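Below, each chain spelled out in residue letters.
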Amino acid sequence: MAPTIEELYPEYTLTSSIDKLRSEHYAHLDKKNHVYLDYTGSGLASAFQLTHSSVRLSSTLYGNPHSINPSSQASTNAIIATRLKVLQHLNTDAEEYEVIFTANATEAAKLVGESYAFTKGTKLVLTADNHNSINGLREFAGRKGSSTVYIPFSSPDMRINDEDFIKALSAARPGRKATLSTGINRLAKSLLGYQPWRRKTGDDAGREDGLRRCSTSDTNPNQDASCDNPALYRAFLRPSCQSSLLPPQSASTAPARPAEKTTRHGLFAYPAQSNFTGVRHPLAWVTYAQRQGYDVLLDAAAYLPTTRLDMSITKPEFLIISWYKLFGFPTGVGCLVVKKEALSRLVRPWFSGGTIQAVTVGVPWHLKARGAEGFEDGTVNFLGIPEVMFGLEWINAVGLQVIGLRVRCLTGWFLKRLAALRHSDRTPMARIYGPENMDMRGGTVAFNLLDSGGKVVDERLVGQESAAAGISLRTGCFCNPGAGEAAMGLTVASLRRLATATAQMRGMDDFVEVLGLPSAGAIRVSFGIASTSTDVDRFFEFVEKTYRDRVTTSEGLFPRESC
């Protein structure tokens, strides 16, 4: 019998406040008997957030912010306050960074790609582990004569090797030989005083990934420094942080940064956390790349829902965020957090309403708006943006440390149980992609189920049957083709078959057939703010009942249209 989560992770009991949170503010999940396991796809909005939004919108008149009338001024003030809240949450300020509101993280990446100064003398460096919104930057780079270099996966647990990272950045520097990984180790140690990506062995060591052990306390509602709304804090969970297993990141204790190179070799873009495997890539890469003459775009969409990013230490030129990933509501609001110095080097390929101070028709002249407004096309989502401010207050009141600890415990327990799944003949029921322990990883798990004959269960079948059981999970390739190719063992040689077969291909099923794939993707389970151990139990009850000792087929399934 599988160990209970408390037996495997005793610290799980310190997150019991989440159970109260779920029963009071995410009660619709249990009322509908719904198991939600797609937090990497979208966070969940609480009933309290929605109530707050309704009260706010019914008590204040908001209008188009491009004016000075009272309703416009209400919108302008709310947007300004939200910009400041975002910077505060990231532990930085308006002296160094601008907050540009976008429709989502994809639009934020597009703003960088279309405006960045790619030339024949620069290059775009990407990790193979990237969302398509980042992969698409190669189109902008190519049109301006820049080459794109991918850093490959190089280990069984689908991480990126430090040496490959260093070599990729060094290759653009004539006469310079790529250094060993000790270079980045020394750099990060000098900057941070410890090595945040150091790969310890064993689950106990893996839990030491900057987590704080938290419990509920009624005595000091201000003890948790992450909570910046004491009234909201007192009204709900009152988590407080009591100790830290690793030194907290602090701008006052971190050594001064070495000067960055002024010669620009190009742009390096990568995710802080993989949306496919949950792997957390080293944040120390940011400073190392900058010292090699690269601007850095950090995709934080999958990282921020359970972890705080301290931008007084980690200072990428560009940070992209999609807010519904953190707290479910509002949708349609993301942002690009950009260094002011880097923003001054971006040149937009066009202008629109909202991005200019003046424009003439008689002669082709215009004067771009300054700062963030020069990059916010049209009218921003002035009704949705203020909800970001309350969403940040909400997750801070719950406590990011508490959320992060619960997600780590649930993910570790889930991985143990998934790896232990067996048919009656003791053959495995699952194939996991990515790390099977909690060393440098987040709350996302990718895998395929195997039937009793050892064949991969078609992800479409799992999608249909899990939905019928009231379980929301993700199937497919998750807009991360690099990770998908690595998971399926696809080589460059096998991918070249597509060049000759493209004309005859009519859809995704032809793609699968040409490459000889057992399936077009994987299954992804992810945990978040309202996850409980019961969700995990329900999932495994479904899997064991539905797929143990079963031979599956793909007959009768709907055609794959895309991935």
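Residues numbered from 1 in each chain as written. Predicted model: local features only at pLDDT ≥ 70, side-chain atom pairs only at ≥ 80, totals over all residues. Heavy atoms only, no water.

1. Details of the overall build of the protein chain
Across its full length, the protein chain holds 23 helices and 17 strands. Each of the 563 residues in the protein chain was classed as buried or not, and the buried ones make up 55%. Put simply, 74% of the contacts in the protein chain that link residues at least 6 apart link residues at least 24 apart. Taken as a whole, the protein chain presents about 23,800 Å² of accessible surface, with 53% of it coming from carbon and sulfur. (Helix = DSSP H or I, 4+ residues; strand = E, 2+ residues; numbered from the N terminus. Buried < 20%, exposed > 50% of the residue type's maximum accessible area, 1.4 Å probe, protein only. Contact = heavy atoms within 4.5 Å. Areas by Shrake-Rupley, 256 points an atom, 1.4 Å probe, with all protein chains shown as cover.)

2. Topic: helix α4 (residues 47–59)
Counted at 1.5 Å a residue, the expected span for α4 with its 13 residues is 18 Å, and the 18 Å between its end C-alpha atoms agrees. Within the span of α4, buried status applies to Gln49, Ser53 and Arg56. Buried residues of α4 fall within an arc of 70° about the axis and therefore sit on the same side. Exposed residues on α4 whose side chains face more than 90 degrees from its buried face are Ser58 and Ser59. Contact partners of the buried residues in α4: α14 (324–327) and α16 (385–398). (Expected span 1.5 Å × (residues − 1). Arc of directions from axis to C-beta.)

3. Structural notes on the packing of helix α18 (residues 459–468) against helix α23 (residues 533–547)
Running from N to C, α18 and α23 cross one another at 120°; their axes reach a closest spacing of 11 Å. It follows from the interaxial angle that α18 and α23 lie oblique. With respect to the hand of their crossing, α18 and α23 are arranged in right-handed fashion. Two secondary-structure elements touch here, α18 through Leu461, Val462, Glu465 and Ser466 and α23 through Phe542, Thr546 and Tyr547. (Axes fitted to C-alpha atoms, helices over the stretch in contact; angles between N-to-C directions. Parallel < 35°, antiparallel > 145°, perpendicular 65-115°, else oblique. Left-handed = near helix turned anticlockwise from the far one by under 90°.)

4. Re the packing of aromatic side chains
The full count for this structure, using the stated rule, is 19 aromatic pairs. Relative to Tyr39, the ring of Tyr36 lies with its centre 4.9 Å away and its plane at 85°, an arrangement referred to as edge-to-face. When its relative accessible area of 6% is taken as the criterion, Tyr39 is described as buried. The ring of Trp413 carries the charged tip of Arg417 above its face, separated from the ring centre by 4.7 Å. Positioned above the aromatic ring of Phe478 is the side chain of Arg524, whose terminal nitrogen or guanidinium carbon lies 4.9 Å from the ring centre. (Phe/Tyr/Trp six-rings, centres within 6.5 Å; stacked < 30°, edge-to-face > 60°. Lys NZ or Arg CZ within 6 Å of the ring centre and 35° of its normal.)

5. As for the sheet that holds strand β4 (residues 147–151)
As summarised here, the arrangement of the seven strands in space is β2-β10-β9-β8-β7-β3-β4, forming an open sheet in which the pairing is mixed. Edge strands, defined here as strands with exactly one partner in the open sheet, are β2 (97–102) and β4. Strand-to-strand twist across the sheet, computed as the mean angle between neighbouring axes with direction ignored, equals 20°. Alignment of strand β3 (residues 123–127) against β4, held across five bridges, turns out to be parallel. Its bridge partner being in β4, Leu124 is matched across the sheet by Thr148. Each of β3, β7 (266–271), β8 (294–299) and β10 (334–339) touches helix α13 (residues 284–291); the most contacted strand, β8, lies at about 160° to it. (Pairing = 2+ DSSP bridges.)

6. A word on a nonpolar patch on the surface
A contiguous nonpolar patch, built from Val363, Trp365 and Leu367 and spanning about 280 Å² of accessible area, is present on the exposed surface. Checked against the element boundaries, Val363 lands in the loop between β11 (356–360) and β12 (365–368). Residue classification places Val363 among the partly exposed residues on the basis of a relative accessible area of 47%. (Patch = residues over 30% accessible without salt bridge, like charges linked within 9 Å, V, L, I, M, F, W, Y side chains within 5 Å. Salt bridge = Lys/Arg side-chain N within 4 Å of Asp/Glu carboxyl O.)

7. Details of the pairing of strand β9 (residues 318–322)
Most of β9 sits inside the fold, with five of its five residues counted as buried. Here β9 shows no split at all, with Phe318, Ile320 and Ser322 on one side and Leu319 and Ile321 on the other all buried. Bridge count between β8 and β9: three bridges; the pairing is parallel. Paired with Leu298 across the strands is Leu319, a residue of β9. Alignment of β9 against β10, held across five bridges, turns out to be antiparallel. Paired with Ser322 across the bridge in β10 is Gly334.

8. Quick look at the pattern of salt bridges
Applying the stated rule across the entire model yields 21 salt bridges. Its salt-bridge partner being Glu114, residue Arg348 comes within 3.0 Å of it at the nearest N-O pair. Within this pair, whereas Arg348 is found in the loop between α15 (340–343) and β11, its partner Glu114 is found in helix α6 (residues 105–115), the two being separated by 234 residues in sequence. Using a relative accessible area of 10% as the deciding quantity, one classes Glu114 as buried. A network of salt bridges, in which partner residues are shared, links Lys110, Glu114, Arg348 and Asp377.

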